[in-house]
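Residue-level listing of the chains:
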Amino acid sequence: MAGRGAGPDFVESLARGLDVLAAFDTDHRSMSLTEVATAAGLARPTARRLLLTLEELGFVRSSGSAFQLTPKVLTLGMAYVGALGLWDIARPHMESLVARTGESSSMAQLDGSDIVYVARVSVPKIIALRVEIGTRFPALRTSQGKVLLAALSPAELAAALALPSRSGLPGENDRSTQERLHEELTEVRARGWALADEELAPGVRSVAVPVRDGTGTVRAAMNVTVHAAETSAEKLLREHLPLLLRTAGDISAEWALWQSRPHRELDPRTETASAPG
């Protein structure tokens, strides 16, 4: 269930509706009313009303006694990505990178102790894990996650790692792992890239670098993912990492320009343009 607010303006029904949407995942693509109610922690009549409302809005479809999400749910996440302006800027660069490397590339942001994929350009290769927009993985086990965690302050890092993963995959939070992690993050911060060598799943090897906004703050991480049986770590770092670094730098530079644009276009003959924001 989503966290509950204590403020006077907190809308409980909206929170419950979001709980219903969040109940669906890779392992629960289709659920009965009872299953949704149980997963969302709701009474059955409440879950029924919410599901029927979401169905009328187009976010849920029903078939017999089963309910499923519809692709319209993607508009909620893409509205966030679109508001950042990042996907429109990143897409042609990522497509060019994929064309040159022959390997898939993704972009992710940090959400608690997880990374969430916000952009992806893939090639038709079989890997151990399915990845799409909105997919979550434990940050500790991914190259992108290491880049994003390395950019946090000590207090922010501790707060992020204290949160349980919502990816459905086991994290690595024992003390020895934490000690090794802090050493690795220091290296990642210094060299500007991170490697995950079959840490997320057998056969999955990736390298990631930061994507920065106009203030120089790391806001996302992008990677190149290869099949370990086809591409060694040495080849990944020697051939693909330089291209990845250049691509991320180009995206960061264009994003900074996009963020510095005027909020609205005005006719200079009649009005004074607003200050860049």
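See above for the structure.
Just so we're clear, the structure is a prediction, and the values are computed from it rather than from any experiment.

(A) Summary view of the overall build of the protein chain. Helix and strand content of the protein chain: nine helices and nine strands. Buried positions account for 41% of the 277 residues belonging to the protein chain. Of the contacts formed within the protein chain by residues at least 6 apart in sequence, a portion of 56% connects residues at least 24 apart. As displayed, the protein chain offers around 15,000 Å² of accessible surface, 55% of which is attributable to carbon and sulfur atoms.

(B) Just the pairing of strand E4 (residues 104-111), in detail. Of all eight residues in E4, six are buried, a share of seventy percent or more. Sheet topology places E4 next to strand E9 (residues 218-227); five bridges connect them, and they run antiparallel. Note on E9: the bridge partner recorded for serine 104 is threonine 225. Sheet analysis places E4 next to strand E5 (residues 114-121), joined by seven bridges and oriented antiparallel. The residue of E5 that forms the bridge with glutamine 109 is valine 116. With antiparallel pairing between neighbouring strands as the criterion, E4 and E5 make up a hairpin whose turn holds two residues, including glycine 112 at a positive phi of roughly 70 degrees.

(C) Spatial organisation of the nonpolar core. Counting 29 residues, the largest nonpolar core has Met94, Met107, Val207, Val211, Met222 and Ile251 as its most contacted members. Only helix H5 (86-101), E5, strand E8 (204-212), E9 and helix H9 (233-259) provide two or more residues apiece to this core. Examining the composition of this core, we find that eight residues originate from one element, H9, more than from any other. Not counting chain neighbours up to four residues away, the residues in contact with methionine 94 comprise Trp87, Ser105, Ser106, Met107, Ala119, Arg120, Val121, Met222 and Ile251. Counting 22 residues, the second largest nonpolar core, distinct from the first, contains Ile115, Leu148, Leu149 and Leu200.

(D) Geometry of the sheet that holds strand E6 (residues 136-138). Taken in spatial order, the six strands of this open sheet run E6-E5-E4-E9-E8-E7, and their pairing is antiparallel. The sheet terminates laterally at E6 and strand E7 (194-197), the two strands that pair on one side only. Looking at each pair of strands side by side, their axes are set apart by 35 degrees on average, direction ignored. When E7 meets E8, the two strands line up antiparallel, connected through four bridges.

Conventions used here
- Residues numbered from 1 in each chain as written.
- Predicted model: local features only at pLDDT ≥ 70, side-chain atom pairs only at ≥ 80, totals over all residues.
- Heavy atoms only, no water.
- Helix = DSSP H or I, 4+ residues; strand = E, 2+ residues; numbered from the N terminus.
- Buried < 20%, exposed > 50% of the residue type's maximum accessible area, 1.4 Å probe, protein only.
- Contact = heavy atoms within 4.5 Å.
- Areas by Shrake-Rupley, 256 points an atom, 1.4 Å probe, with all protein chains shown as cover.
- Pairing = 2+ DSSP bridges.
- Core = buried A, V, L, I, M, F, W, Y, C linked by side-chain atoms within 4.5 Å.
- Axes fitted to C-alpha atoms, helices over the stretch in contact; angles between N-to-C directions.

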